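Notes for the structure review
Listed below are the residues making up each chain.
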Amino acid sequence: MSTNIHISAEREVQVIKTGKVSKQTIYFGEWQTPTDVTYQIMAAEDKVQAYKDWVLSISEDVEEPVYAEDDIFQEDEPIGTETYNSGKEHVAKLDAWLKEALEEGYDIEFYAW
């Protein structure tokens with residue numbers, strides 16, 4: 001069983017009606033990391049950048065066929081291609097998640113589990 005990196009964000013909130021203070025936690029859908037990579041990320045000064053660097057290091061551009069809009073079953077020849085990179089997309093989602101979490105008052109946390 002490998003030890004994976006996990007990314008969460010936590011903040012304290014107060015319920016106006018009751019005055020009760022509690023913690024709210026949200027989670028990012030990170031990729032599964034090998035144990036040695038997890039420990040490298042946890043040891044890094046900038047864990048976010050270390051995680052992004054790892055994601056991009058194992059990702060590559062892939063040419064995917066593009067079909068006409070009315071060819072819903074993709075039975076005809078493609079009308080072109082587009083480049084897709086799952087790592088770049090994942091990093092963009094992480095950046096958006098981090099931006100929103102920080103704007104909403106969350107503290108970002110990395111942990112190994």
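Here's a quick rundown of the structure.

Cut-offs used in this document
- Residues numbered from 1 in each chain as written.
- Predicted model: local features only at pLDDT ≥ 70, side-chain atom pairs only at ≥ 80, totals over all residues.
- Heavy atoms only, no water.
- Pairing = 2+ DSSP bridges.
- Helix = DSSP H or I, 4+ residues; strand = E, 2+ residues; numbered from the N terminus.
- Axes fitted to C-alpha atoms, helices over the stretch in contact; angles between N-to-C directions.
- Contact = heavy atoms within 4.5 Å.
- Patch = residues over 30% accessible without salt bridge, like charges linked within 9 Å, V, L, I, M, F, W, Y side chains within 5 Å.
- Areas by Shrake-Rupley, 256 points an atom, 1.4 Å probe, with all protein chains shown as cover.
- Salt bridge = Lys/Arg side-chain N within 4 Å of Asp/Glu carboxyl O.
- Lys, Arg positive; Asp, Glu negative; His and termini not counted.
- Charge placed at Lys NZ, Arg CZ, Asp CG, Glu CD.
- Buried < 20%, exposed > 50% of the residue type's maximum accessible area, 1.4 Å probe, protein only.
- Parallel < 35°, antiparallel > 145°, perpendicular 65-115°, else oblique.
- Left-handed = near helix turned anticlockwise from the far one by under 90°.
- Nonpolar A, V, L, I, M, F, W, Y, C, P; charged D, E, K, R; others polar.
- Expected span 1.5 Å × (residues − 1).
- Arc of directions from axis to C-beta.
- Core = buried A, V, L, I, M, F, W, Y, C linked by side-chain atoms within 4.5 Å.

Points about the sheet that holds strand β1 (residues 5-14)
The antiparallel open sheet is built from three strands, whose spatial order is β2-β1-β5. For this open sheet the edge positions go to β2 (21-27) and β5 (107-112), each flanked by a neighbour on one side alone. The sheet shows a mean angle of 35 degrees between the axes of neighbouring strands, direction not considered. Inspection of the sheet shows β1 paired to β2 by seven bridges, in the antiparallel sense. Of the residues in β2, the one forming a bridge with Val13 is Ser22. Packing of helix α3 (residues 86-103) onto the sheet brings it into contact with β1, β2 and β5, and relative to β1 it is tilted by some 20 degrees.

Re a negative patch on the surface
On the surface, Glu69, Asp70, Glu75, Asp76 and Glu77 cluster together to form a negatively charged patch. Tracing the sequence through the fold places Asp70 in the loop between β3 (62-66) and β4 (80-84). When its relative accessible area of 70% is taken as the criterion, Asp70 is described as exposed.

So, the packing of helix α2 (residues 47-57) against α3
One can describe the packing of α2 onto α3 by two numbers: an axis separation of 8 Å at closest approach and a directional angle of 160 degrees. Taken as axis vectors, α2 and α3 run roughly antiparallel relative to one another. Our pair here, α2 against α3, has a crossing hand that is right-handed. In this structure, α2 contributes Val48, Tyr51, Lys52, Val55 and Leu56 to the contact, and α3 contributes Gly87, Lys88, His90, Val91, Leu94, Asp95 and Leu98. Taken together, the residues that form the contact of α2 with α3 break down as seven nonpolar, two polar and three charged.

Description of α3
With 18 residues, α3 should reach 26 Å at 1.5 Å per residue; the first-to-last C-alpha distance of 26 Å fits that figure. Considered for burial, the residues of α3 that qualify are Gly87, His90, Val91, Leu94, Trp97, Leu98 and Ala101. Angular distribution of buried residues about the axis of α3 spans 125 degrees; they occupy a single face of the element. Facing away from the buried side of α3, by more than 90 degrees, are the exposed residues Lys99, Glu100 and Glu103. Contacts made by the buried residues of α3 are with β1, β2, α2 and β5.

Re the nonpolar core
Residues Ile7, Ile41, Tyr51, Leu94, Trp97 and Phe110 are the most contacted members of the largest nonpolar core, which totals 18 residues. Every element with two or more residues in this core is listed here: β1, α1 (35-43), α2 and α3. The dominant element in this core, judged by the number of residues it contributes, is α3, at five residues. Beyond its immediate chain neighbours, meaning those up to four positions away, Trp97 contacts Ile7, Ser8, Ala9, Ile26, Tyr27, Phe28 and Ile108.

Some thoughts on α1
Regarding α1, the residues found buried are Val37, Thr38 and Ile41. Angular distribution of buried residues about the axis of α1 spans 105 degrees; they occupy a single face of the element. Counted as exposed and oriented over 90 degrees from the buried face of α1: Gln40 and Ala43. Residues of α1 that are buried sit in contact with β1, α2 and β5.

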